[in-house]
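Here's the letter readout for the chains.
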Amino acid sequence: MTAPETSPPAARAAVPGATLLEVDDLHVEFRQRSGVVHAVNGVSYTLGEGQTLAILGESGSGKSVSAQAIMGILDTPPAVVTGGIRFEGRDMLAMSAEEQRKIRGPGISMIFQDALSSLNPVYSVGWQIGEMFRVHQGASRKEAKRRAIELMERVRIPAAAKRVDDYPHQFSGGMRQRVMIAMAIALDPRILIADEPTTALDVTVQAQVMDLLKDLQRETGMGLILITHDLGVVNEVADDVAVMYAGRIVERGTVDDVFTDAAHPYTEGLMNSVPQVEAKGGRLQPIVGQPPNLAAIPSGCAFHPRCARRRLGAAAAPGRECATDEPPLRLVVPGREAACHYSEEVLGA
């Protein structure tokens, strides 16, 4: 299969340095009276210095919840988080709430999906950016405002000194997103999590925001986790990609490998649903069906009800019946992991 039609990818980042983040068998459940929602089901990955990891999948696949668990911002209860999250070797789940708070900002920071709802409408953007310095570094209001202006200039907000006292509603969507980026990078984090940072922005502004994030990464060497469903953005900026479905990673590898030849039928379906320039007059190929209810995930491979390649009953190999035997995430070819019983056949390996 061919990769989505995009402009040529930017030069990939240098080989990642020291390991910054280790996520090991992460589970997140939301326990409610109506039942248990299994939002994240055994996610594992590492992130190195200077590396960009894209986490890709449909809405409801567990991408954002896994990021919020790493940030330690889920309400517990109803959320129950288990597994391992280690930042520079330190176990975050064993930390107190105060210890986690000290890591948020200078250690790990996050850009949220909707800038307008994430920013407080009754405070100026300068006050909100400056809060990072007042809370974490004890800066005075005057000093915090000065540094807020510097950050606004750093993220290329025009006339920053004049606009520092403006309120969120006075900025365009693209400028509000830059304000969110300024807040996220205020304390020079080691890791930046960008959760759908270009949602609802036009194509030109999307490109500007992603160029800004790449420039900041080159300046600081931070690790970047990009959560998105935009395949074009992933192809442009990421080094590696993890594809999530029903709370699990179902495929993982370099962007070039995964986009060139998907090993999991779900990844293949995502690729085929992207419009192709050369296919004039053709029809899109959507993935049939709907993502599963995370309170009632199908047995076996969670994707099997939507999979055209599924093998059931006598057609399946022993121990690899798609409706009953859950496939592990395993190495199928060098450098590529997939959670499909028949990935080698898909790849022709």
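Because the structure is a prediction, the values reported are computed rather than measured. (Residues numbered from 1 in each chain as written. Predicted model: local features only at pLDDT ≥ 70, side-chain atom pairs only at ≥ 80, totals over all residues. Heavy atoms only, no water.)

**Looking at the environment of Ser299**
Phase 1: Considering the arrangement of structural elements, one finds Ser299 in the loop between helix 11 (265-272) and strand 11 (330-333).
Phase 2: Overall, the relative accessible area of 48% leaves Ser299 in the partly exposed class.
Phase 3: What Ser299 contacts, discounting residues up to four positions off in sequence, is His304, Cys322 and Ala323. (Helix = DSSP H or I, 4+ residues; strand = E, 2+ residues; numbered from the N terminus. Buried < 20%, exposed > 50% of the residue type's maximum accessible area, 1.4 Å probe, protein only. Contact = heavy atoms within 4.5 Å.)

**Re the state of the cysteines**
Phase 1: As enumerated under the stated definition, the model contains zero disulfides in all.
Phase 2: Cys322 provides the cysteine sulfur closest to Cys301, a residue in no disulfide bond, and the two sulfurs are 6.3 Å apart.
Phase 3: Judged by its relative accessible area of 13%, Cys301 falls in the buried class.
Phase 4: Among the residues examined, Cys322 registers a relative accessible area of 8% and is labelled buried. (Disulfide = S-S within 2.5 Å.)

**Things to note about the packing of helix 4 (residues 125-137) against helix 7 (residues 173-185)**
Phase 1: The contact between helix 4 and helix 7 brings their axes to 8 Å, and the two run at 20°. With respect to each other, helix 4 and helix 7 are oriented roughly parallel. Handedness of the crossing formed by helix 4 with helix 7: right-handed. Contacts from Val125, Gln128, Ile129 and Met132 of helix 4 reach helix 7 at Val179, Ala182 and Met183.
Phase 2: Residues of the contact of helix 4 with helix 7, tallied by class, amount to six nonpolar, one polar and no charged. (Axes fitted to C-alpha atoms, helices over the stretch in contact; angles between N-to-C directions. Parallel < 35°, antiparallel > 145°, perpendicular 65-115°, else oblique. Left-handed = near helix turned anticlockwise from the far one by under 90°. Nonpolar A, V, L, I, M, F, W, Y, C, P; charged D, E, K, R; others polar.)

**A few points about empty space enclosed by the protein**
Phase 1: With the rule as written, the count across this model stands at one cavity of 30 Å³ or more.
Phase 2: What lines the largest cavity is simply Arg154, Ile185, Asp188, Pro189, Leu216, Thr220 and Met222.
Phase 3: Across the lining of the largest cavity, the residue classes break down as four nonpolar, one polar and two charged. (1 Å grid on protein atoms, 1.4 Å probe; cavity = no way out; pocket = protein on both sides within 12 Å on 5 of 7 lines; lining within 4 Å. Points joined across faces, edges and corners; volume = space filled by probe spheres on them.)

**With respect to the sheet that holds strand 10 (residues 248-254)**
Phase 1: If you walk across this open sheet you meet the eight strands as 6-7-8-3-9-10-12-11, and the pairing is mixed. Only two strands of the sheet have a single partner each, and these edge strands are strand 6 (108-111) and strand 11. Sheet twist, expressed as the mean angle between neighbouring strand axes with direction ignored, is 25°.
Phase 2: Where strand 11 and strand 12 (residues 336-338) come together, three bridges link them in antiparallel fashion. Residue Val333 lies in a different strand from strand 12, and its bridge partner there is Arg336.
Phase 3: Set on the sheet, helix 1 (residues 63-71) makes contact with strand 3 (52-56), strand 6, strand 7 (191-195), strand 8 (223-228) and strand 9 (240-245); between it and strand 6 the angle comes to about 145°.
Phase 4: Each of strand 6 and strand 7 touches helix 7; the most contacted strand, strand 6, lies at about 175° to it. (Pairing = 2+ DSSP bridges.)

**With respect to the packing of aromatic side chains**
When we look at a pair of aromatic rings, we describe it by the centre distance and by the angle of the planes.
Phase 1: For the structure on display, the rule yields four aromatic pairs.
Phase 2: Summarising the aromatic geometry, the rings of Tyr245 and Phe303 are spaced 5.2 Å apart at their centres and angled 85° between planes, so their arrangement reads as edge-to-face. Of this pair, Tyr245 sits in strand 9 while Phe303 sits in the loop between helix 11 and strand 11, placing them 58 residues apart in sequence.
Phase 3: A relative accessible area of 4% means that Phe303 is categorised as buried.
Phase 4: Relative to Phe303, the ring of Tyr266 lies with its centre 5.4 Å away and its plane at 65°, an arrangement referred to as edge-to-face. With Tyr266 in helix 11 and Phe303 in the loop between helix 11 and strand 11, the pair connects residues that are 37 residues apart, well separated along the chain. For the pair formed by Tyr266 and Phe303, the shared burial category is buried.
Phase 5: Pairwise contacts between aromatic rings join Tyr245, Tyr266 and Phe303 into one cluster.
Phase 6: Lying over the aromatic face of Tyr342, Arg311 brings its terminal NZ or CZ to 4.2 Å of the ring centre. (Phe/Tyr/Trp six-rings, centres within 6.5 Å; stacked < 30°, edge-to-face > 60°. Lys NZ or Arg CZ within 6 Å of the ring centre and 35° of its normal.)

**Notes on the nonpolar core**
Phase 1: Formed by 42 residues in total, the largest nonpolar core has its most connected members in Ile111, Ile129, Met152, Ile181 and Leu192.
Phase 2: Every element with two or more residues in this core is listed here: helix 4, helix 5 (141-154), helix 7, strand 7, helix 8 (203-220), strand 8 and helix 9 (231-237).
Phase 3: Sort the elements by how many residues they give to this core and helix 7 lands first, with eight residues.
Phase 4: Once you skip the residues sitting within four places of it in the chain, Ile181 turns out to touch Ile111, Val155, Val209, Leu212, Leu213 and Leu216.
Phase 5: Counting 34 residues, the second largest nonpolar core, distinct from the first, contains Met71, Ala79, Phe87 and Ile249. (Core = buried A, V, L, I, M, F, W, Y, C linked by side-chain atoms within 4.5 Å.)

**Description of the sheet that holds strand 5 (residues 90-91)**
Phase 1: Reading across the sheet, the four strands line up as 2-1-4-5 and stay open at both edges, with antiparallel pairing between neighbours. With partners counted over all chains shown, the strands left at the sheet margins are strand 2 (35-48) and strand 5, one partner each.
Phase 2: Bridge count for strand 1 (residues 19-32) against strand 2 is eleven bridges, and the pairing is antiparallel. In the sheet register, Leu26 faces strand 2, and the bridge partner there is Val43.

Interpretation in functional terms is not warranted from these geometric data alone.
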